[in-house]
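# Analysis of the macromolecular model
Next come the chains, spelled out residue by residue.
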Amino acid sequence: LFLRLCKWLHRTIISLNSILKEEKVVKMKFINAALFALAASTTSVAAFAPAAFGVRAPVSTFDFELEAKKSIEDLSDAELKGKKVLIRCDVNVPLDGKTITDDTRIRSSIPTIEYLKGKGAIVSVCSHLGRPKDGPEDKFSLGPCAERMGELLGQEVTLVGDCIGDDVKSAVDSAKEGDVLMLENTRFYKEETKNDPGFVEKLAAPFDLYVNDAFGTAHRAHASTEGVTKYLSPSVGGFLLAKELEYLDGAVTNGKKPMAAIVGGSKVSSKITVLEALLDKCDKVIIGGGMVFTFLKAKGLGVGTSLVEDDFIDTAKAVIAKAEKLGKELILPVDIIVADKFDADAETQVVAVDAIPDGWMGLDNGPESTKAQKEALADCQTVIMNGPMGVFEMEKFNKGTFGIVDILADLSKDKGAITIIGGGDSVAATEQSGRAGDMSHISTGGGASLELLEGKVLPGVAALDEK
């Protein structure tokens, strides 16, 4: 009874400490770190196609800081050698069946895992993949991720068939220093996203300490991103988490002017707070993707059957007015590639933005728009791209996206400009173009950066130990 009481008191103290940490005005040296990640993930095929949308309530943005958090480099060798480390990575990669089509997120997690291995830790990776609806689904198994991570590490990464329970404990207990395990998809349990205390305790049970290296999921207060910090100490950040925050903060706080942002995507509703903030921070904002047509309609132009959010026409008008009031450049396309249907084999033509025919839909920027964007960005020293300009998966509609990727790559390579690519579709397009190596930074961030921009605290960062 005495031992049970002690254990209960220990958990209570840890939980109270966590609550106190979260209630503090969270400050960190990284001011508005994710302003330029802008990675509200959208599916680029849907960037121009009609889609349902939810209305995001306006959120006032404000400047804030996050307190500096401990990283793995703040831990001594003794704190790592032989210790059982649970590391939250983001290996939520795109798959074609069981084939990974873009391993950027897995590759980005390697430096932290290598460091832990080198210090003699026993490393267990946890992550989610996709959105399982009701328990385990084979198509969302982390098997392909474990295999690819093993190839990158040059050693076997053992996939454990669960993320909690006796099998996990047995696998972790039998592992040797330098071994790497991967636990099965945490979202096979609905308790993961609910941050269920019982599930959290089971997830944390086999381990000695916790590392969060998943910036892209740091905005979620889930069991594997926030809950486990109540049971595992120390809880620290990994290299990728620190890199995202530090690098992006540098672009914002010390970025050279002129500063520009390129915002693509299907919906004004999902990007309105981003656009509002960018107009305050940047000298130029280029708008692309399906949201273009809401802005064109707001200017009184016909858009055919292009994607339009009629409920956000007044919002688009307000953004245009704000840009004019602040003396900022809000750059829309001057010509559009239109199609008679949303199909890779559709009939197409290039038309001016004020001459979109009835019955046709815009699916990409035209060549004159790309030329205008090149001229507008020519003197910029800091640029972020979030979102494609068209349906780049279809060859007929990829020129606008690849064109602007080339512009940014050349700016970085030839003129030394800071170019940041954020968002899954932007990263995929940049990788496909072959110009990823010419960019200054490829962000793995997801909605986390958007929420920071909207003035929200990232629970996964706030929960980590302070320096």
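The structure this text deals with has already been given above.
Residues numbered from 1 in each chain as written. Predicted model: local features only at pLDDT ≥ 70, side-chain atom pairs only at ≥ 80, totals over all residues. Heavy atoms only, no water.

### Some details on helix 7 (residues 197-204)
Residues of helix 7 that are buried include every one of Phe199, Val200, Leu203 and Ala204, and no others. Buried residues of helix 7, viewed axially, fall in a sector of 125°; they line one side. Among the exposed residues of helix 7, those oriented more than 90 degrees off its buried face are Pro197 and Lys202. Those residues of helix 7 that are buried lie in contact with strand 1 (84-88), strand 6 (180-183) and helix 6 (190-194). Near the N-terminus of helix 7, the side chain that reaches the backbone nitrogen of Gly198, with its oxygen 3.2 Å away, is that of Asp196. (Buried < 20%, exposed > 50% of the residue type's maximum accessible area, 1.4 Å probe, protein only. Helix = DSSP H or I, 4+ residues; strand = E, 2+ residues; numbered from the N terminus. Arc of directions from axis to C-beta. Contact = heavy atoms within 4.5 Å. Polar contact = N/O pair within 3.5 Å; in protein donor to acceptor, adjacent residues only side chain to side chain.)

### Brief notes about the nonpolar core
The biggest cluster of nonpolar side chains holds 34 residues, and the ones touching the most others in it are Leu275, Leu278, Val285, Ile287, Phe293, Phe295 and Leu296. Looking at this core, the elements with two or more residues in it are strand 9 (259-263), helix 9 (268-281), strand 10 (284-287), helix 10 (292-298), helix 11 (313-326) and strand 12 (335-339). With six residues, helix 9 is the single largest residue contributor to this core. With near-sequence residues (within four places) excluded, Phe295 lies in contact with Val268, Leu275, Ile287, Ala316, Val319, Ile320, Leu330 and Leu332. By size, the runner-up hydrophobic cluster in this structure holds 28 residues, among which are Ile122, Phe215, Ala218 and Val228. (Core = buried A, V, L, I, M, F, W, Y, C linked by side-chain atoms within 4.5 Å.)

### Some details on the sheet that holds strand 13 (residues 348-352)
The strand order across the open sheet formed by three strands is 13-12-14, and the pairing between neighbours is antiparallel. A strand with exactly one partner marks an edge of an open sheet, and here the two such strands are strand 13 and strand 14 (361-365). Across the sheet, the axes of successive neighbouring strands diverge by a mean angle of 40°, strand direction being ignored. Direction of pairing for strand 12 relative to strand 14: antiparallel, over a ladder of four bridges. Its bridge partner lying in strand 14, Ile336 is registered against Asn365. (Pairing = 2+ DSSP bridges. Axes fitted to C-alpha atoms, helices over the stretch in contact; angles between N-to-C directions.)

### With respect to the pattern of salt bridges
Under the definition given, this model contains 24 salt bridges. Between Glu226 and Lys230 there is a salt bridge whose closest N-O contact spans 2.7 Å. Lys230 shares its class with Glu226; the two are buried. Of the charged contacts in the structure, one is a salt bridge between Asp280 and Lys322, with a shortest N-O distance of 3.4 Å. Of this pair, Asp280 sits in helix 9 while Lys322 is found in helix 11, placing the two residues 42 residues apart along the sequence. (Salt bridge = Lys/Arg side-chain N within 4 Å of Asp/Glu carboxyl O.)

### Let's talk about the packing of helix 3 (residues 104-118) against helix 4 (residues 143-153)
Interaxial distance between helix 3 and helix 4 falls to 10 Å at its minimum, and their mutual angle equals 60°. Relative to helix 4, the element helix 3 lies oblique. In terms of crossing hand, the pair formed by helix 3 and helix 4 is right-handed. Packed against helix 3, whose contacting residues are Ile106, Arg107, Ser109, Ile110, Ile113, Glu114 and Lys117, the element helix 4 presents Cys145, Arg148, Met149, Leu152 and Leu153 at the interface. The residue inventory of the contact of helix 3 with helix 4, partitioned by class, reads seven nonpolar, one polar and four charged. (Parallel < 35°, antiparallel > 145°, perpendicular 65-115°, else oblique. Left-handed = near helix turned anticlockwise from the far one by under 90°. Nonpolar A, V, L, I, M, F, W, Y, C, P; charged D, E, K, R; others polar.)

### Here we look at the sheet that holds strand 4 (residues 122-126)
Backbone hydrogen bonds are what pair the strands of a sheet, in a parallel or an antiparallel way. What the six strands build is an open sheet, ordered 5-6-4-1-7-8; its pairing is parallel. In this open sheet, the two strands that pair with only one neighbour each are strand 5 (157-160) and strand 8 (235-237). Adjacent strand axes in the sheet meet at a mean angle of 25° when their direction is disregarded. Relative to strand 7 (residues 209-212), strand 1 runs parallel, the two being bridged by four bridges. Counterpart to Arg88 in the pairing with strand 7 is Asn212. The strands that helix 4 touches are strand 4, strand 5 and strand 6; relative to strand 5, the one it contacts most, it runs at about 165°.

### A look at the packing of aromatic side chains
In this description, a pair of aromatic rings is defined by centroid distance and the angle of the planes. Evaluated as defined, the whole model comprises three aromatic pairs. Centroid distance Tyr115 to Phe239: 5.1 Å. Interplanar angle 80°. Geometry classified as edge-to-face. Taken as a pair, Tyr115 in helix 3 and Phe239 in helix 8 (residues 239-253) lie far apart in primary sequence, 124 residues in all. Owing to a relative accessible area of 24%, Phe239 belongs among the partly exposed residues under this scheme. (Phe/Tyr/Trp six-rings, centres within 6.5 Å; stacked < 30°, edge-to-face > 60°.)

### As for unusual backbone geometry
That bond from Ser233 to Pro234 is cis: its omega, 5°, falls within 30 degrees of zero. One can find Pro234 in the loop between strand 7 and strand 8. At the junction of Lys257 and Pro258, the peptide bond is cis and its omega measures out at -5° in the coordinates. Structurally, the position occupied by Pro258 is in the loop between helix 8 and strand 9.

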